[in-house]
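An overview of the molecular structure
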Amino acid sequence: MPLPARFPVGSPNGSRPEEDAMHRTPLAPHRAGTTAPPVRAAFITLLIAVVVVAGARLVLSAGGMQVMGMAEYSTLIPIVGAALLPLRQTLILGLTNLVVGIVAYGILLPSMSHASRITVITALAASILVSLAVCRTRIAMEGRLKGLTVARERLTLLSEASSRVGGTLDVARTAEELAEVAVRRFADHAAVDLFDPVLKGEEPAPGPHAGAVTLRRAARRSVPAALAAAAPPGHGTVTYCRGSMPALSLLRGVPVHGQFTGAADGEECWPADPDGTGTKAPHSALAVPLRARGVTLGAALFTRSRHRDPFDADDVLLAQEIAARAAVCVDNARRYTHERATSVALQRSLLPQVVPPQPAVQAVARYLPADVGVGVGGDWYDVIPLSGARVALVVGDVVGHGIRASAAMGRLRAAVRTLADIDLPPDELLTHLDDIVIRLQSETCPTPTGGAEDAAEADVGEFVATCLYMVYDPISRRCTAARAGHPPPAVVHPGACARFLDVPAGPPLGVGGLPFETAEMHLPEGSLLALYTDGLVEAPRYCLDERLARLLQALSEPKPTLQDTCDHVLDRLVVDRTRDDIALVIARTQALDDRHTVAWELLDNLAEVARARDLASLQLAHWGLPEAAFLAELVVSELVTNAIRYGGSPVQLRLIRHDTLICEVSDGAHTAPHLRRARTFDEGGRGLFIVAQLAERWGTRQQSDGKTIWAELALPPATVPAPAPALATL
């Protein structure tokens, strides 16, 4: 007994049945009895009949029998009809022709001889038998040909579904491809409904799905195609009632189909269209669950109108095969969506969410991940505050895409921050980073005892990376930079055009064995620095030199803000985001003049400790920071004492005032101090411990002529807006 179903009144696309028939594809299955006349078979049959009649005429003539010419050709009527009509109509035509022949030649033409009448009537009767044999043979041949045609069309549909469905890694687009393929050759209306987590890249709840089931409409197509294009499917929800055909197919995990006799049959058995376009009660409907790797992802719904044959067992098998292949493609897209979302979330969490304000530069950054088809890459950027109000600008790129590239990027970014905290020069930092990448490669290489799976899963190439590391000092206004296989940075001096900095190109990280070189340059205040990854300047169908020239042109066009400059550069250069990620950092240099910094040279004598305290106290009072004088004097006293006692000349004290107060003491020794806890009765060893407790941050950095110990102190809330110039040296 066929299952009834509910479908709102009106066709799937709002058209009349005769309009649907006009737009039906020629490859759709035809109804029985509507096959086109086989002209070739009729011509061959007619030719055979003419030959037979001509032969019979010769035989009769040879026997001396005279027959009217028209009587001979009347035998052709049932034979020709056998090539055009079904068996019953052929028999009726032949009997009618026989009766007409008996009346014509037996009654209306008395002049004919008795032998001629018998010959004509016998020929007409024989033509009936011949026509019936010809008709049966034709019908059998048409059945075989129709079966071969249907089989060929189904194989063509399977081939088209295999080639067209799954062309992208987008879940919604894959569902649309399934609906498009099905409507063209299989059904008048097709809809693909998926569980909501599938569209988000997540795994749906395990079955069985009993009771009412709510899914989200992912795709819908109808004939004619013009109406479907005019009303693109939304992503509304549709609820399958308990006992409906889609709900039963999801519950049982097998296709469910039925034929309908009226629009009101079983209104609970078929879901309403969530798009609100209105659909006609289908003549036949088929619900197929989309299952892949043991997980039910949703259901595919197919319907046919009354001008098409209802779904049969062969159609169910065909739909099941198409749905199985499409389900694998949908699941692949879902898994990719999940992996890409995980990679994006991982990368977003590893990248700085905001660029903190720096006394050295004003910086903004943009990160654009690659499109769905490529996957998230390993591009990263960073703006790292360094001691002495300096700043480090970093841009890097890990070769490859996916979670591995994002994880490798996170490890390299953490390593860069760690190496930057110990104030390594750019060339030394890249050397250490190169060693880290080589060590990561060795960790991912398959072991000698590992199997083929370990070797296949080891992606050594993903841990090859490029990096650009720059350090800018706002006091000396000097910038040092080194790069490892990375595109050169660009600079725009105030009132000048953009150009690329001449930074020596080192090998990519992970190659090993080759040194890195550092370039130094002086940057006026207000200079613009642009650091970027190769995704910004590399694009198919474009020359790299042309893209680099376009970058310089975009940077040379002044914009009101750095945000506008970033957006302008991206608008001018981003033409294809499907290839690689893009990271862009644009920074405008600032300078700290005599109003923000002051330095004194001290003698190699412990008596200078008191002088250093007085100098610091007077300068803070001049800056309008008397509240910070007590902590600053204590920190300066401990640092100068350690420099004079354990270091050597020359000794220098420098104060830097911006958002915080930085106290720096330099000496000529290269030995770095170590923080330790003094015992109760120790007379010394508490200096650095006191500094560490009082300062927000502290550390040491090596220089060519010694070292510098620095401590950063927080300023009180109330400060003087504009600091005064530094006092003269006492």
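Residues numbered from 1 in each chain as written. Predicted model: local features only at pLDDT ≥ 70, side-chain atom pairs only at ≥ 80, totals over all residues. Heavy atoms only, no water.

**Regarding the sheet that holds strand β4 (residues 256-259)**
Within the open sheet, the six strands sit side by side as β3-β2-β1-β6-β5-β4. Their pairing is antiparallel. Of all strands in the sheet, those with a lone pairing partner are β3 (237-240) and β4, marking the two edges. The sheet shows a mean angle of 30° between the axes of neighbouring strands, direction not considered. The pairing of strand β5 (residues 284-292) with strand β6 (residues 295-304) spans nine bridges and is antiparallel. Opposite A292, over in β6, you have V295 as the bridge partner. Each of β2 (213-222), β3, β4, β5 and β6 touches helix α10 (residues 245-252); the most contacted strand, β5, lies at about 30° to it. (Pairing = 2+ DSSP bridges. Helix = DSSP H or I, 4+ residues; strand = E, 2+ residues; numbered from the N terminus. Axes fitted to C-alpha atoms, helices over the stretch in contact; angles between N-to-C directions. Contact = heavy atoms within 4.5 Å.)

**Regarding the pattern of salt bridges**
Proximity of charged atoms lets side chains of opposite charge pair with each other. Under the defined criterion, the tally for this structure stands at 25 salt bridges. Across the pair R304 and D315 runs a salt bridge, and its minimum N-O distance is 3.3 Å. Taken together, the residues span a long stretch of sequence, with R304 in strand β6 and D315 in helix α11 (residues 313-350) at a distance of 11 residues. Owing to a relative accessible area of 4%, D315 belongs among the buried residues under this scheme. R595 serves as the salt-bridge partner of D593, at 3.4 Å between the closest nitrogen and oxygen. Relative accessible area serves as the criterion here: at 30%, D593 is assigned to the partly exposed category. (Salt bridge = Lys/Arg side-chain N within 4 Å of Asp/Glu carboxyl O. Buried < 20%, exposed > 50% of the residue type's maximum accessible area, 1.4 Å probe, protein only.)

**Topic: the confidence of the model for the protein chain**
Per-residue confidence for the protein chain gives a mean pLDDT of 77, with 74% of residues at or over 70. Here residues 225-233 is modelled with pLDDT under 50, and outside its nearest four sequence neighbours on either side it reaches 10 contacts, counting other chains as well. In the model, residues 451-461 has pLDDT below 50 throughout and makes 10 contacts with residues more than four positions away in sequence or in other chains. (pLDDT = per-residue confidence, 0-100.)

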